[in-house]
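Residue-level structure breakdown
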Amino acid sequence: MSRFLPRVLMAPSIVTLFLWMIVPLVMTLYFSVIRYNLMNPGETGFVGLENYHYFITDPDFWPSVLHTLQLLGSVIIITVVLGVGLALLVNEPFPGQGIVRVLLISPFFVMPTVNALLWKHMMMNPIYGVLAHVWRFFGLTPIDWMTEFPLLSVIIMLSWQWLPFACLIFITSLQSLDREQMDAAGMDGATRFDKFWYLVLPHMGRSIAVVVMIEMIFLLSVFAEIFTTTSGGPGNDSTNLAFLIFKQALMNFDVGVASAGALFAVVLANIAAVFLIRMVGKNLD
């Protein structure tokens, strides 16, 4: 009886959560095996794996997978490397340390669409953007970032937004570093690089693993920045999997193919999650 009552009280929330997750997944699986185009809603029928074959053989599919991996890897590397560096700088006491920390963290609270508009119009506009003025100051021709370097532009935007998150986690990790151990290493003749490589970096292993895991989960589904700035172009130069699914669903009006693409993205995310969980678990041992 002592076990039965808590389970009964927890049952409504567990059932609700289960339905909240399973119903959309089942509906997506259902639409992925039928013919369902919003332009011809009357033409339906079971097509098996045809939608999956159509999605995978789409000329934009492999470029979008490559762009997703490039975006994912670049943003993670940039945020981890710069985040560790900034955390080490900000961790040491100096006048105005609290204000600097608040300024470092603030970009993370900017909404994705606002972040994209900020970089598109205020920073990267080839006519009146800040970077255009910097280029002219040095006698150079301003760059049309969204046309010439679309994927790099998205990577810069995302790195700027996620860098504060990584920096915050790393600062928190540094706060628990054993200062006596650092002082003892200095007295034994260890250089600053030795302290960083053999003491600081191993101590930050858990926080780095957590940052990589959380960023990878969110960056696999990046959409707002691409939709607001480049719209996946020019051509498909900045199209990732999430935007390709959007194009199939709301540009080609093909719900069946878009559902097949969504399930492929779910499988990809789960594969990445398995490796990440193992990596994080290894760092937590």
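Here the structure is shown first, and the text comes after it.
Thresholds, definitions, all that
- Residues numbered from 1 in each chain as written.
- Predicted model: local features only at pLDDT ≥ 70, side-chain atom pairs only at ≥ 80, totals over all residues.
- Heavy atoms only, no water.
- Helix = DSSP H or I, 4+ residues; strand = E, 2+ residues; numbered from the N terminus.
- Rg over C-alpha atoms; globule rule 2.2 N^0.38 Å.
- Buried < 20%, exposed > 50% of the residue type's maximum accessible area, 1.4 Å probe, protein only.
- Contact = heavy atoms within 4.5 Å.
- Areas by Shrake-Rupley, 256 points an atom, 1.4 Å probe, with all protein chains shown as cover.
- Lys, Arg positive; Asp, Glu negative; His and termini not counted.
- Charge placed at Lys NZ, Arg CZ, Asp CG, Glu CD.
- Salt bridge = Lys/Arg side-chain N within 4 Å of Asp/Glu carboxyl O.
- Phe/Tyr/Trp six-rings, centres within 6.5 Å; stacked < 30°, edge-to-face > 60°.
- Core = buried A, V, L, I, M, F, W, Y, C linked by side-chain atoms within 4.5 Å.

**Details of the overall build of the protein chain**
In terms of helices and strands, the protein chain carries 14 helices and zero strands. Ordered by position from N to C terminus, the α and β elements of the protein chain give α-α-α-α-α-α-α-α-α-α-α-α-α-α. In terms of overall dimensions, the protein chain is more spread out than a globule: its C-alpha atoms have a radius of gyration of 24 Å, far above the 19 Å expected for 285 residues. The dimensions of the protein chain, computed from C-alpha atoms along their principal axes, are 75 × 75 × 30 Å. Expressed as a percentage of the 285 residues in the protein chain, the buried residues total 36%. Of the contacts formed within the protein chain by residues at least 6 apart in sequence, a portion of 68% connects residues at least 24 apart. Counting only carbon and sulfur atoms, one obtains 72% of the accessible surface of the protein chain, whose full area is about 16,900 Å². Looking at the protein chain, you have 13 positive and 17 negative side-chain charges, and the mean spots of the two groups are 8 Å apart.

**With respect to the pattern of salt bridges**
Evaluation of the coordinates by the stated rule reveals one salt bridge. The salt bridge partner of Asp60 is Lys247, with a shortest N-O separation of 3.4 Å. Linking Asp60 in the loop between helix H2 (50-56) and helix H3 (61-91) with Lys247 in helix H13 (residues 241-251), this pair joins segments that are 187 residues apart in sequence.

**Observations concerning the packing of aromatic side chains**
Two aromatic rings, taken as a pair, are described by how far apart their centres are and by the angle between their planes. Applying the stated criterion across every chain yields a total of 20 aromatic pairs. Measuring from ring centre to ring centre gives 5.3 Å for Phe243 and Phe246, while their planes differ by 45°; the resulting arrangement is tilted. With Phe243 and Phe246 both in helix H13, this residue pair falls three residues apart, about one helical turn. Owing to a relative accessible area of 1%, Phe243 belongs among the buried residues under this scheme. Among the aromatic side chains, those forming a connected cluster through ring pairs are Phe108, Phe109, Trp162, Phe165 and Phe218.

**Thoughts on the nonpolar core**
If you look at the biggest cluster of nonpolar residues, it comprises 35 residues, and the most contacted ones within it are Leu71, Phe170 and Leu219. Here Phe170 is in contact with Thr79, Val80, Gly83, Val84, Ala87, Met204, Ser207, Ile208 and Val211, once residues within four sequence places are set aside. Grouped together as the second largest cluster of nonpolar side chains are nine residues, Phe55, Phe61, Val65 and Ala258 included.

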